[in-house]
Structures are given as C-alpha cells and as structure tokens.
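Geometric and topological summary
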Amino acid sequence: MSNGPHAKLAELGFELPDVAPPVASYVPAVQSGQHVYVSGQLPIAEGKLLATGKVGAGISAEQAKDLAQRCALNALAAVDSLVGLENVVKVVKVTGFVASAPGFIGQPAVINGASDLFGTVFGEAGRHARSAVGVAELPLDAPVEIELIVEVA
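Here the structure is a predicted model, which is why all the values come from computation and not from measurement.

1. Observations regarding the layout of surface pockets
Of the voids in this model, the largest pocket is the one considered here, and its volume is about 180 Å³. Contributing to the lining of the largest pocket are 13 residues, with P17, D18, A45, E46 and R70 lying nearest its centre. Elements with a contribution of two residues or more to the lining of the largest pocket: strand 3 (44–45) and helix 2 (61–82). When its residues are assigned to classes, the lining of the largest pocket shows seven nonpolar, two polar and four charged.

2. Side note on the nonpolar core
Nonpolar side chains tend toward joint burial in soluble globular proteins. If you look at the biggest cluster of nonpolar residues, it comprises 38 residues, and the most contacted ones within it are V79, V110, V144 and L148. Elements that contribute at least two residues to this core include exactly strand 2 (35–41), helix 2, strand 7 (88–99), helix 3 (107–122) and strand 9 (144–152). For this core, the element with the most residues is helix 2, which contributes eleven residues. Discounting chain neighbours no more than four positions away, the residues touching V110 are V55, A61, A64, K65, A68, V98, F104 and V144. Ranked by size, the runner-up nonpolar core spans six residues in total, among them L42, I44, F97 and L138.

3. Brief notes about a nonpolar patch on the surface
Taken together, V23, Y26 and L140 make up a surface patch of nonpolar side chains, about 260 Å² in accessible area. Tracing the backbone through its elements, the reader meets L140 in the loop between strand 8 (129–135) and strand 9.

Reading guide: rules and limits
Residues numbered from 1 in each chain as written. Predicted model: local features only at pLDDT ≥ 70, side-chain atom pairs only at ≥ 80, totals over all residues. Heavy atoms only, no water. 1 Å grid on protein atoms, 1.4 Å probe; cavity = no way out; pocket = protein on both sides within 12 Å on 5 of 7 lines; lining within 4 Å. Points joined across faces, edges and corners; volume = space filled by probe spheres on them. Helix = DSSP H or I, 4+ residues; strand = E, 2+ residues; numbered from the N terminus. Nonpolar A, V, L, I, M, F, W, Y, C, P; charged D, E, K, R; others polar. Core = buried A, V, L, I, M, F, W, Y, C linked by side-chain atoms within 4.5 Å. Buried < 20%, exposed > 50% of the residue type's maximum accessible area, 1.4 Å probe, protein only. Contact = heavy atoms within 4.5 Å. Patch = residues over 30% accessible without salt bridge, like charges linked within 9 Å, V, L, I, M, F, W, Y side chains within 5 Å. Areas by Shrake-Rupley, 256 points an atom, 1.4 Å probe, with all protein chains shown as cover. Salt bridge = Lys/Arg side-chain N within 4 Å of Asp/Glu carboxyl O.

What follows is the structure in structure tokens.
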C-alpha cells in the first residue's frame, strides 16, 4: 500500500522502532473492542532513554518536541505490533505529559511533536482530541511521555 501509514513514515525518513519494553508491570498496548489503548511511551530508542531532565531547565522546548515525536513513533510501534497500522481508522486521543521546570508553560508546543506526526501519517484521521499536561516528574526522569488511543477497523 503505497499511500499507507508505513509508506508515509518512510517518506518522512522514519522507520518504526521495535516496541519499547515496559518499565513496570503493564503491556505496551491493549485492544478493547474497536479501540487500542497504548500505555505511556517514553522517548526510548534502541533500549535507551534519549534524554533526562526537565523541559525549561536543561531540555529545550524544541528538543522536547523532538522527544515527543519519538514517543509517538514508539506508540505507533505498539499499535502496529498489536493490530497493524493499516487498521487504524482514527487517532482518537493523545495525552502528553511534560516534566516541566517551574515557570515552563509551553507544554502544548512540546506535545505538537507527537500530534504533528499523527496528523502527517494519518491525514484527517490523525486529527485528535488531546491533553498536554505539565508534571513534576516522569518515570526514569524522562522529559516527555505520550499516551495514545486509536480506533481500529
């Protein structure tokens, strides 16, 4: 399928990574009815966290946006391994968590790293509801974490 999500990712220069192994007692994704719920994904590549720290203190907003994009790729890998990306009908909800330094209020722009990727890969079906939340700490001192809900055929 030349215009499918895998082809779109390749056009963007991305390859789906291996599914990131859970860092605690949960599974990467679970299907219930026509929805797949993806557990929080950290910016992990090849088994390593790409950065640690707070956005706005040591991690720039632009770097965090790139890390959110990596979280989104990891989320897509979890969906693909469970049901196949070609079965995604709609990206329903994205929840983004940003480990924020005091005074940092740019969480929405950071989470755009994930949202923009979903929109580019799935087109209109990638437009979604979203929350972008600033938090004090994330697992492993990650700067960003993304959760995803998709509808599947």
